[in-house]
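Structural description and commentary
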Amino acid sequence: MKRLSTKARIFATGAVSLLAVAATLPLVVLAASPGAVSLPTGAENTVINVQNVGTASATIAVDYYNPDGTLVCSKAFDGVPAGAIRSFYQATEPCLPAGFRGVGVASSDQPIVALEERDILSSAGKKSYSIANASAAGGHKLAIPLALNELLTNQWNSRIAVVNAGSTTACIKNTYYLQPNVGGATVGSVQTIVDSPTGQPGCPGGGYAVPAGGQVTFGRAGAGFTRFPASTDNNQMAILIEVLNPGDNKIVANVDIYRSDGNRLLGSYSANVIDAASPATDDVGTDVLIPFTIKSASGHYTEIGAMVVAGGPADVTIQYVGVIEGTSTAVNKTVVLPNVANVASHSIYSSLDIPVGFIGYARITSTATVAGLLLRGKQTTYYSGVDEDIYAAAGGVPADGAGTKWSVPMVLRRFAPEPPYIGYNSEIQVMVADGSTASVTIKMVGDPANGCPNGPYEHTFSVTGSQNFYMNLESAVGPNGFPPGNAPSCFFGGATITATKPIIVLSNLTSDKTPGDNDAMFNAFKTP
């Protein structure tokens, strides 16, 4: 559950700018073992999209900081209407040096929410693309339900950027939980690896030192990275990150998951906050909702990660609810993951109980507190065994985190088309938390800087269980979130979604313009 910043300050981790490829940037990281352990090679850049979710026009600014917390420069927009967005492009920001990798902090005189897009473009024109939520409040404990380290012959890896959102040095400890029966983990056993160094400046009690406003990146060996422990190599795992000196030094983190064998796959998500003192407002629970689960004949599939963060071991139950796409055939199937000590996962792809064509949502229930994660991939067709460069990730949302008002900082319809390509398009899923029927109003406000009609566009829909809105569609074909018969020729902006009952909202963005991984998924933000 991504909370609104009461200070109107949002932290975007791992912001990068590549006006020219810099030799010091760790885009290609070499390891002693065979094979190159690298992100998809190319020019990596980020875009920070900030939405004004207040009631009046706003001034929105982004300050850029080096990993050591020193300020580099700032950029601002004035007069941003309520509900509208502004985009900060690091690639073309003249005040950022080539090779910059650091932290972006968005601030405003109105409440705001923000997304961080990550884009890696190769010299051959192939793209790797992902979106993660920028975080505001942070926490002293973060759960990462799924991360990878050289899993399966050096193909799957993760990169984790941890930012200190406080004003004093944060000393952090990482605990890695290897998932049994996956990769190199011992069959049937629970393996825990604690990583908390001593002797780092400002951390007399141990831990990695993260400067105020600064960043530490964990991943594979190389310049700018702190290496995962070697004992986690060839493993799928969950990670608990804890601040050892709690106080005014809460942390936020974003996680990248990618293929390092030449494929373009890239997915990103923000870490889950654990706060036992405020269980109704953190990102974990015993009832966690996972929108947007799918198992299509066209090859799309999803995987769910579950991390037990308190009270385990426990039996973790996943209930899949929805329909067979294009029909009224209802699906309601339950899968039990028994005796989960720390981490488990379930792929809808290989589950024979879930029919091909399923589209809907999932619900994780457990006697222990869990953090949930959704991963989405694609093969050429169902069960072909041939992966396409499509990969995305988003967080599960506790049922007590459902709400009646949500903000989506990025909605696109047929944006930047180049015939025969239709350009960038969004998909939004609205899930009614109790599975019943709600009246849902979607209001979209455009950004005038992008050459499309601004609206606003507003319409009310009836949603039972869950409903997918495909922005690219015409209303005669299916719901697109715009008023019937009044969809603009193109759109680039943000959306505010309100409902008569608590709902969960998740969004997806795709493009057909360039080859590669043009698929990104992200959670909407619950707002007052």
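Relevant structure appears above.
This section reports on the structure supplied with the text. Just so it is clear, the model here is predicted, and its values are computed rather than measured.

**Some points on the overall build of the protein chain**
Each helix and strand in the protein chain was counted, giving one helix and 38 strands. Counting only C-alpha atoms and orienting by the principal axes, one finds that the protein chain spans roughly 65 × 55 × 50 Å. Per-residue burial for the protein chain yields a buried fraction of 60% across its 528 residues. When the accessible area of the protein chain is evaluated, it comes to approximately 18200 Å², of which 55% is carbon and sulfur surface. Across the protein chain, 30 positive and 37 negative side-chain charges occur, with their mean positions spaced 1 Å apart.

**Quick notes on the sheet that holds strand β9 (residues 112–121)**
An order of β7-β4-β9-β10-β36 is seen for the five strands of this open sheet, with the pairing classed as mixed. Each having just a single partner strand, β7 (85–89) and β36 (516–517) make up the two edges of the open sheet. Direction of pairing for strand β4 (residues 43–52) relative to β7: antiparallel, over a ladder of five bridges. Of the residues in β7, the one forming a bridge with N49 is S87.

**A few points about the state of the cysteines**
This structure, assessed with the given rule, holds three disulfides. In this model, C73 is linked to C95 through a disulfide, with the two sulfur atoms separated by 2.0 Å. Between C73 and C95, the S-S torsion sits near 55°, and that sign places the bridge as right-handed. Taken together, the residues C73 in strand β6 (residues 71–80) and C95 in the loop between β7 and β8 (100–108) connect sequence positions 22 residues apart. Classification of C73 as buried rests on a relative accessible area of 10%. Judged by relative accessible area, C95 falls into the partly exposed class, the value being 27%. Disulfide partner of C452: C490, at an S-S distance of 2.1 Å. With the S-S bond torsion at -115°, the cross-link from C452 to C490 turns out left-handed. In this pair, C452 is assigned in the loop between β32 (437–446) and β33 (457–464) and C490 in the loop between β34 (466–470) and β35 (491–511), connecting sequence segments 38 residues apart. Judged by relative accessible area, which is 10%, C452 ranks as buried. Here C490 falls in the buried class, since its relative accessible area comes to 13%.

**Quick notes on unusual backbone geometry**
Geometrically, the link from G312 to P313 is a cis peptide bond, its omega value of 0° lying close to zero. You can see P313 is positioned in the loop between β23 (300–310) and β24 (314–324). P419 connects to P420 through a cis peptide bond whose omega is 10°. Phi is positive for N234, which is not a glycine, with a value near 60°. Examined against the element boundaries, N234 turns out to sit in the loop between β17 (226–227) and β18 (235–243). Although it is not a glycine, Y383 sits at a positive phi angle of roughly 65°.

**Section: the packing of aromatic side chains**
Scanning all chains against the criterion turns up 15 aromatic pairs. Aromatic side chains Y176 and F228 sit 5.9 Å apart centroid to centroid with 80° between the ring planes, which places their arrangement in the edge-to-face category. Of this pair, Y176 sits in strand β13 (residues 170–178) while F228 sits in the loop between β17 and β18, and the two are 52 residues apart along the sequence. Of the residues examined, Y176 reaches a relative accessible area of 0% and is grouped as buried. Take F228: its relative accessible area is 1%, and that puts it in the buried class. Geometrically, the ring pair formed by F461 and F469 is edge-to-face, given 4.9 Å between the ring centres and 65° between the ring planes. The residues F461 and F469 share a single accessibility class, namely buried.

**A word on the side chain of N272**
Note on placement: N272 falls in strand β21 (residues 272–273). A polar atom in the side chain of N272 sits 3.3 Å from the backbone oxygen of D283. Setting aside anything within four residues of it in sequence, one finds N272 in contact with K141, L142, A143, P145, D283, V284, A371, G372 and G396.

**Details of the sheet that holds β17**
Read across the open sheet, the five strands follow the order β17-β16-β12-β19-β20; overall the sheet is mixed. Each edge of the open sheet is held by one strand with a lone partner, namely β17 and β20 (266–270).

**Observations regarding the nonpolar core**
Most often, soluble globular proteins have nonpolar side chains that are buried together. Counting 48 residues, the largest nonpolar core has V408, M410, I497 and V505 as the members making the most contacts within it. Contributions of two or more residues to this core are made by β9, β10 (127–133), β30 (403–413), β31 (424–432), β32, β33, β35 and β37 (519–523). Apart from residues no more than four positions distant in its own chain, V505 is found in contact with W406, V408, I428, Q429, V430, I497, N523 and A524. Counting 36 residues, the second largest nonpolar core, distinct from the first, contains L148, I172, V182 and F228.

**Details of the pairing of β20**
β20 sits mainly inside the fold: five of its five residues count as buried. Burial of the side chains of β20 extends over both faces: L266, S268 and S270 are buried on one face and G267 and Y269 on the other. Looking at chain direction, strand β19 (residues 251–259) and β20 are connected through five bridges and run antiparallel. Each residue of the ladder has a partner; that of I257, found in β20, is G267. Taking the residues between adjacent antiparallel strands as the criterion, β19 and β20 are bridged by six residues, where G262 takes a positive phi near 105°.

**Some details on the environment of F77**
If you trace the backbone, F77 turns up in strand β6. Residues F77 and A368, spaced 291 residues apart in sequence, show a C-alpha to C-alpha distance of 45 Å.

Conventions adopted
Residue numbers here run from 1 along each chain, matching the order of that chain's written sequence. Where local features are concerned, this predicted model is filtered to residues with pLDDT of at least 70; where side-chain atom pairs are given and counted, the filter is 80 or more; whole-chain, interface and lining totals use all residues. Processing note: side-chain calculations cover all non-hydrogen atoms of the structure and skip hydrogens and water entirely. In this description a helix means any DSSP run of H or I spanning at least four residues, a strand means any run of E spanning at least two, and both kinds are numbered starting from the N terminus. Only protein chains enter the calculation, and the probe is 1.4 Å; a residue is then buried if its accessible area is under 20% of its type maximum, exposed if over 50%, and partly exposed in between. Each accessible area value is a Shrake-Rupley result obtained with a 1.4 Å probe; residue values ignore everything except the protein chains displayed when judging cover. The sign given to each residue is positive for Lys and Arg and negative for Asp and Glu; His and the chain ends receive no count. To locate a charge, the coordinates of NZ of Lys, CZ of Arg, CG of Asp or CD of Glu are taken. Strands are treated as partners if at least two bridges between them are detected by DSSP. By convention in this document, the label disulfide applies to cysteine sulfur atom pairs within 2.5 Å. Between the rings of Phe, Tyr and Trp (Trp by its six-membered ring), a pair exists once the centres lie within 6.5 Å; its type follows the angle of the planes, with under 30 degrees stacked, over 60 edge-to-face, and the other angles tilted. Definition of a polar contact: a pair of N or O atoms within 3.5 Å, with one able to donate and the other able to accept a hydrogen when the atoms are protein atoms, and with sequence-neighbouring residues admitted only if both atoms are side-chain atoms. Whether two residues touch is decided by their heavy atoms; if any such pair falls within 4.5 Å, the residues are in contact. Take the buried Ala, Val, Leu, Ile, Met, Phe, Trp, Tyr and Cys residues and link them wherever side-chain atoms come within 4.5 Å; each set so joined is a nonpolar core.

Geometry only, nothing functional implied.
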